[in-house]
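Descriptive structure summary
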Amino acid sequence: GATFSTRRNHGSDVRKQTLWLLTALLLLGSAAARAEVLTPTEYAHVIAQAAEQLGQAAAARKHQQERARRALALIPERVEIRAPGRPPMRLDNRKLRKSLEALAARGTEGIDAAREVLNNLHQALAAPRSPIPPQADAALAQVLKHKQFRPSLANRIRIWIYRETMKLLRWLADRFPNFDLEKFDYGKLEKIARAIAWGIVIILGLGALYLLVRLLGLLPRRRPYLRGPRVRPPRLERKKTCREWLSEAEAALAAGDYLSALRALHMAALMRLDELGLARFERSATDGQVILRLRRQGHADEAEALAALNRVFVPAWYGGRPVGPEEYAAARDEWRKLEAGAE
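Since this is a predicted model, take the numbers as computed values, not measurements. (Residues numbered from 1 in each chain as written. Predicted model: local features only at pLDDT ≥ 70, side-chain atom pairs only at ≥ 80, totals over all residues. Heavy atoms only, no water.)

**Brief notes about a nonpolar patch on the surface**
- Residues Trp 198, Ile 202, Leu 206, Leu 209, Leu 212, Val 213 and Leu 215 make up a contiguous nonpolar surface patch of roughly 730 Å² in combined accessible area.
- Its location among the elements puts Leu 212 in helix α8 (residues 186-217).
- What makes Leu 212 partly exposed here is its relative accessible area of 44%. (Patch = residues over 30% accessible without salt bridge, like charges linked within 9 Å, V, L, I, M, F, W, Y side chains within 5 Å. Areas by Shrake-Rupley, 256 points an atom, 1.4 Å probe, with all protein chains shown as cover. Salt bridge = Lys/Arg side-chain N within 4 Å of Asp/Glu carboxyl O. Helix = DSSP H or I, 4+ residues; strand = E, 2+ residues; numbered from the N terminus. Buried < 20%, exposed > 50% of the residue type's maximum accessible area, 1.4 Å probe, protein only.)

Spelled out as structure tokens, the structure:
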């Protein structure tokens, strides 16, 4: 065929691989199975005839697959080759036929590839016998790993669909006499099988992509490729004065919100220390750091008053401890001590 005419420079390698395939098949034959008895010449003729009919199937516009199937059916599954002066040899061609059927199921290109394999096998049969290479099993495995024996995922799915459809058609032909299998358009069947195969591959690909996206969605958002749209950080509230915090505490207290009143009183204490220059207010600094700084600077009374205020504020604000009039009154007493000491 025209597709494989450019590969003639690889003919010797393919013929060598075919010879290994033949010798490996000779070793893998089953003596217990019933085999067709042929001479070497007759067996070579059968192979040549199958290759010729494959060529006709590739050139035909209709019923390509059915013609290819009939051509490959000419190759006996088991054959015993008898030649004068030589011990009989048994061949098991089931694996060979299966590989060639997989090639032929690819369409015109695959049928041409199967024909080329049979042509090379015929040349190997017609050539003088060569010594059996060592490790024939490994040689067979190496041949079957060749690119032409490894169809793509889409082709494997299409071959499976085609085979299952052919089983269904033969079942219909056996049970319904009016169903003429010879008039069935196998070209359309191949196109349908190819379309279904690509559809399945696309669905599997989309499913894999969906699972990948879901998996990536579970990873931490700090990674650059997982960042969503940029969100502007919230603006920090304006730095309030001590008097403003006290007013906010009084308003929360009037509303019965003791927790907010306690928090405003705590912030008023920090801002009072900042306004007096005893401890600069920093949003990132903890109360423990502020207390330690006051003690190092010799303001022990203020440090103790802030620590006492924190013993009321921290369990309520961060620990969820209930806050009522008694807790707020205790915090207010500590605020007065801090304010008196700071002055």
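Picking up after the structure, the text goes on.
**A short note on the pattern of salt bridges**
- In this structure the tally under the stated criterion is 12 salt bridges.
- Linking Asp 333 and Arg 336 is a salt bridge whose minimum nitrogen-to-oxygen distance equals 3.3 Å. Here Asp 333 and its partner Arg 336 are both found in helix α13 (residues 325-342), 3 residues apart, which amounts to about one turn of the helix.
- Overall, Asp 333 belongs to the partly exposed group, its relative accessible area being 40%.
- Among the ionic pairs, Glu 334 bridges to Lys 337, the shortest N-O distance being 3.7 Å. Of this pair, Glu 334 and Lys 337 both sit in helix α13, 3 residues apart, which is roughly one turn of that helix.
- The class of Lys 337 is exposed, set by a relative accessible area of 52%.

**Re the sheet that holds strand β2 (residues 78-81)**
- Read across the open sheet, the 3 strands follow the order β1-β2-β3; overall the sheet is mixed. Of all strands in the sheet, those with a lone pairing partner are β1 (36-38) and β3 (89-92), marking the two edges. Direction aside, the axes of adjacent strands within the sheet are offset by 30° on average.
- Pairing of β1 with β2 involves 3 bridges; the strand directions are parallel. Bridged to Glu 36 within β2 is Val 79.
- Packed onto the sheet, helix α2 (residues 40-59) meets β1, β2 and β3 and runs at close to 110° relative to β1. (Pairing = 2+ DSSP bridges. Axes fitted to C-alpha atoms, helices over the stretch in contact; angles between N-to-C directions. Contact = heavy atoms within 4.5 Å.)

**A few points about the pairing of β2**
- The sheet contact formed by β2 and β3 spans 4 bridges and is antiparallel. Note that in β3 the partner of Ile 81 across the bridge is Met 89.

**A few points about the environment of Ile 157**
- Along the chain, the position of Ile 157 falls in helix α7 (residues 153-175).
- On the basis of relative accessibility, which here comes to 14%, the residue Ile 157 falls in the buried class.
- As for Ile 157 and Arg 194, which are separated by 37 residues in sequence, their C-alpha atoms are 8.5 Å apart.
- In contact with Ile 157, not counting residues within four places along its chain, are Ala 197, Ile 200 and Val 201.

**A closer look at the packing of helix α10 (residues 258-275) against helix α12 (residues 300-317)**
- Their axes nearest at 10 Å, the elements α10 and α12 cross at an angle of 155°. Considered as vectors, α10 and α12 are oriented roughly antiparallel to each other. Of the two possible hands of crossing, α10 and α12 adopt the one that is left-handed. Residue-level contacts link Leu 259, Leu 262, Arg 263, Leu 265, His 266, Ala 269, Leu 270 and Leu 273 of α10 to Glu 302, Leu 306, Leu 309, Asn 310, Val 312, Phe 313, Ala 316 and Trp 317 of α12.
- In terms of residue class, the contact of α10 with α12 is made up of 12 nonpolar, 2 polar and 2 charged. (Parallel < 35°, antiparallel > 145°, perpendicular 65-115°, else oblique. Left-handed = near helix turned anticlockwise from the far one by under 90°. Nonpolar A, V, L, I, M, F, W, Y, C, P; charged D, E, K, R; others polar.)

**Observations concerning the confidence of the model for the protein**
- Per-residue confidence for the protein gives a mean pLDDT of 76, with 71% of residues at or over 70.
- Here residues 1-10 scores under 50 on pLDDT; set against residues more than four positions off or in separate chains, the count is 7 contacts.
- Taken together, the stretch residues 27-33 has pLDDT below 50 and engages in 13 contacts with residues farther than four places along the chain or on a different chain. (pLDDT = per-residue confidence, 0-100.)

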